[in-house]
Amino acid sequence: MEQFALEFDLAPKRRIFTVTELNAEIRAALDAEFQDIWVSGEISGLKLANSGHYYFTLKERDSQIKCVAFRSAHRYWKAKPQDGLAVLARGRIDVYEARGEYQLQVETLEPQGLGALQLAFEQLKRRLALEGLFAAGRKRPLPRFPRRIGIVTSPRGAAIADLIQILARRFPGLHIRLFPALVQGEGAVEEVCRAIDYFSRTKWPDLVIVGRGGGSLEDLWTFNEEAVARAIAACSVPVVSAVGHETDVTIADFVADLRAPTPSAAAEMVICTRDELMDRIAAARAKSTQAMRYRLAMLERRLRQQGIERALSLLQRRIGRGLQRIDEQEFRLRERIRAGLDSRERARRALETRLRRFDMRPRLAADRRRLEACHARAVEIVRVRLARRRSTLDQLAAKLSQLSPLRILDRGYAIVSTPSGILKDARDAPPGSGIHVRLAEGELDAVVE
C-alpha cells in the first residue's frame, strides 16, 4: 500500500503589529467603548501649560487616571480645576501614543464638594441658628413706602450703579445715602460692620440694603463672617441682603429681614410702583426669551455635535496630542535647565569656598599686628635708652657744676681781667689802666690807682 506524507499546519498565523499600529488599535477600541463617560475623583498634580491645556490626575485611595483638558474645552467652564477638589469629569478615553498611555480627555468638569469654606459656612450657620438669629419671629417687615434708603456696598462696583438706576427709575426723588465700603479682601468685614452700625445709630434710613455683585464663594465670604451677621441682627432698622446672584447664599441672607436674589432685585423689592405688574410681565418676557435662547443654543450645540463638531473633534484631538507632546518636551527642558543652574550654583559655591582660603586680608591683618607690636617695642627701647642717657647727663652736669669756677665766686671771690686776659699778677696792671671785675652777681669796670 502506498503511503502519503500529510503535513498539517497547526500553528496559528502570527499577526505582527508595529507600536504605532498597536496604539492606534487600542485607541480605536477604547474610543468605541468609552466615548462619553463620567468619572468621579479628586484632582491632583494640576498643571497649566503655556498652550492653555490643563494636565492633572483624578485619583481615589487605590487608583488614579491621567487627564487632559484642552483649551478649546475648558474655556467655557464656570468652575476652574484646583488640587484637592472633588469633581465629576465627563469625556472620552484617549491614547497618548508618544508614551503609550491612556488618558481621560475631559470636556466637562463639575465640582462635587465645596471643601473647607463650605464646612465653615455650615458650622457658623448651625451655631447662629441655635441662637435664634434666623428665626422668622425676629424678621421685621419692610416699610411699604420708604423715603430714605441706606446702601452699604462698594462705590466702584456694578451693584451700586444698578441700585441707583433702578431706584431712581421706579421712584424718582427717593433719598439715597451710600456708605462706601470694601466688599471683598482685607478690611472688608470691618468696613461693612462700620457702615451698618452708622445707619443703625443715626436711624436716618427707613431701611438698609447690604450687598454686592456676584462672585465665587471666596469672593462672597465677607458676608459669611460672624461679625457681619451680628451687625445685621443688631441694626435698628430693617436690613435687606442683596449679595451675589440668585444661586449664591450667604449667612447675611439668613440674618437679614429680607433676602434679595441680586442687588437689582433688591431695588425692585424694597419699593412698589404702579408699574409693578408691567415690570413683572417684562421680567417674565425676558426670562422666557432667555430660556428660548438657551433652548435654541442647546439644540444648535446638539446639531453641531452630531455633524460638524464630529469632524472638528478628530482634528482637535490630533492637534491636542501634538500640543501635549510639545508641553511634555517643554517640561523636560525646564527640568534640565533647572538642573544645570543648580550644578553651576554648587560649583560657584565650591570656588567661593576655595577662594576664601587664599584671602590675603587675614595675613595682612596678622602682619599689621606684628608691625604694631614691633613699633611699640622699638618706642619702649628708645624711651629706656633716652632715660639712661638723661640720667648720665644729669650726673655729668652735676660734676661739671661742682668743678665750675663760678661756684668760687659765690664765696666772695672775683675774676679780674684786662683786655689782654685774666689778671694774675698786679704788675700786669699799672696805675691808670682799666680793669674788668666779674663778681658772683654782676660785673664792674674799674681804674687802677
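Heads up: the structure comes first, above all this text.
Bear in mind that the values here come from a model prediction, so they are computed numbers and not experimental data. (Residues numbered from 1 in each chain as written. Predicted model: local features only at pLDDT ≥ 70, side-chain atom pairs only at ≥ 80, totals over all residues. Heavy atoms only, no water.)

1. So, the packing of helix 5 (residues 188–202) against helix 6 (residues 226–234)
The criterion, for reference: Only the stretch in contact is used when a helix axis is fitted, and all axes are lines through C-alpha atoms; the angle between N-to-C directions ranges over 0 to 180 degrees. Put simply, DSSP marks the helices as runs of H or I at least four residues long and the strands as runs of E at least two long, and each gets a number from the N terminus on. Between 65 and 115 degrees an angle is taken as roughly perpendicular, under 35 as roughly parallel, over 145 as roughly antiparallel, and anywhere else as oblique. Pairs of residues are marked as contacts when any of their non-hydrogen atoms sit within 4.5 Å. Just so you know the grouping, Ala, Val, Leu, Ile, Met, Phe, Trp, Tyr, Cys and Pro go in nonpolar, Asp, Glu, Lys and Arg go in charged, and all remaining residues, Gly too, go in polar.
Relative orientation of the contacting elements helix 5 and helix 6 amounts to 5 degrees, with a least axis distance of 9 Å. By the criterion of interaxial angle, the relationship of helix 5 to helix 6 is roughly parallel. Counting all contacts with helix 5, which are made through V189, V192, C193, I196 and S200, the residues of helix 6 involved are A227, V228, A231, I232 and A234. Here the contact of helix 5 with helix 6 is built from residues that sort into 9 nonpolar, 1 polar and no charged.

2. Section: the sheet that holds strand 7 (residues 175–180)
Quick reminder of the rule: DSSP calls a pair of strands paired once it identifies at least 2 bridges connecting them.
Read from one edge to the other, the open sheet built from 5 strands follows the order 7-6-8-9-10, with strand pairing classed as parallel. If you trace the sheet from one side to the other, it starts and ends with strand 7 and strand 10 (258–259), each paired once. By the bridge criterion, 5 bridges tie strand 8 (residues 207–212) to strand 9 (residues 239–243) in an arrangement that is parallel. Considered in strand 9, the bridge of G211 is made with A242. In this fold helix 4 (residues 158–170) packs onto strand 6 (148–153), strand 7 and strand 8, with an angle of close to 165 degrees to the strand it touches most, strand 6.

3. Examining the sheet that holds strand 12 (residues 421–422)
Ordered in space as 12-11-13-14, the 4 strands form an open sheet in which the pairing is antiparallel. At either end of the open sheet lies a strand with only one pairing partner, and these are strand 12 and strand 14 (443–447). By the bridge criterion, 3 bridges tie strand 11 (residues 415–418) to strand 13 (residues 434–438) in an arrangement that is antiparallel. Looking at the pairing, S417 lines up with H436 of strand 13.

4. Points about helix 1 (residues 19–33)
Note the cut-off: For a helix, the expected span equals 1.5 Å multiplied by the residue count minus one. Exposure classes here rest on a 1.4 Å probe applied to the protein chains alone. A residue is buried below 20% of its type maximum, exposed above 50%, and partly exposed in between. Working definition: the arc comes from the directions between the helix axis and the C-beta atoms, pointing outward to the latter.
The terminal C-alpha atoms of helix 1 lie 21 Å apart, and with 15 residues this matches the ideal 21 Å at 1.5 Å per residue to within 8%. Taken together, the buried positions of helix 1 are occupied by N23, R27, L30 and D31. End-on view of helix 1: buried residues confined to an arc of 100 degrees, all on one side of the axis. Residues of helix 1 that are exposed and point over 90 degrees away from its buried face: A32 and E33.

5. What about unusual backbone geometry?
Leave glycine aside and you will find that most residues have negative phi; peptide bonds, for their part, are mostly trans. In this structure, K203 is a non-glycine residue whose phi angle is positive, near 55 degrees. When you line up the elements, K203 lands in the loop between helix 5 and strand 8. Owing to a relative accessible area of 56%, K203 belongs among the exposed residues under this scheme.

6. Side note on helix 4
Here helix 4 is 13 residues long and its end C-alpha atoms lie 18 Å apart, about the 18 Å a rise of 1.5 Å per residue gives. What helix 4 keeps buried is the set A159, I160, L163, I166, L167 and R170. Buried residues in helix 4, looked at end-on, bunch into an arc of 145 degrees, giving them a common side. Facing away from the buried side of helix 4 by more than 90 degrees, the exposed set consists of A158, Q165 and R169.

7. Remarks on a nonpolar patch on the surface
The test is simple: Residues enter patches when their relative accessible area tops 30% and they take part in no salt bridge; the joining distance is 9 Å for like charges and 5 Å for the nonpolar side chains Val, Leu, Ile, Met, Phe, Trp and Tyr. Accessibility throughout is a Shrake-Rupley quantity obtained with a 1.4 Å probe, and a residue counts as covered only by protein chains that appear here. Just to be clear on terms, a salt bridge is a Lys or Arg side-chain nitrogen sitting within 4 Å of an Asp or Glu carboxyl oxygen.
A surface patch of nonpolar side chains, about 230 Å² in accessible area, is lined by F17, L22 and I26. Note on placement: I26 falls in helix 1.

8. Concerning the pairing of strand 6
Put simply, the rule is: By definition, the crossover connecting two strands over a helix is right-handed if that path, from the first strand to the second, turns clockwise as seen with the strands pointing away from the viewer.
The element strand 6 is largely enclosed, with a buried count of 5 among its 6 residues. Pairing of strand 6 with strand 7 involves 6 bridges; the strand directions are parallel. For V152, the partnering residue across the bridge sits in strand 7 and is F179. Handedness of the β-α-β unit built from strand 6, helix 4 and strand 7 comes out right-handed. The pairing of strand 6 with strand 8 spans 4 bridges and is parallel.

9. With respect to the packing of aromatic side chains
Convention followed: Here a Phe, Tyr or Trp ring, Trp counted by its six-membered ring, pairs with any other such ring whose centre lies within 6.5 Å, and the pair is stacked when the planes are under 30 degrees apart, edge-to-face when over 60, and tilted otherwise. A positively charged side chain is recorded as over a ring if its NZ (Lys) or CZ (Arg) lies within 6 Å of the ring centre. The angle to the ring normal must also be within 35 degrees.
Applying the stated rule across the entire model yields 5 aromatic pairs. Ring geometry for F134 against F254: centres 5.3 Å apart, planes inclined by 35 degrees, an arrangement best described as tilted. Of this pair, F134 sits in the loop between helix 3 (115–131) and strand 6 while F254 sits in helix 7 (residues 251–255), and the two are 120 residues apart along the sequence. Among the residues examined, F134 registers a relative accessible area of 19% and is labelled buried. Overall, F254 belongs to the partly exposed group, its relative accessible area being 25%. Taken together through their ring pairs, the aromatic side chains of F179, Y198 and F199 make up a single cluster. Its guanidinium or amino end placed over the ring of W204, R148 lies 5.8 Å from that ring's centre, counting from NZ or CZ. Over the aromatic face of W204 sits the side chain of R177, whose NZ or CZ is 4.1 Å from the ring centroid.

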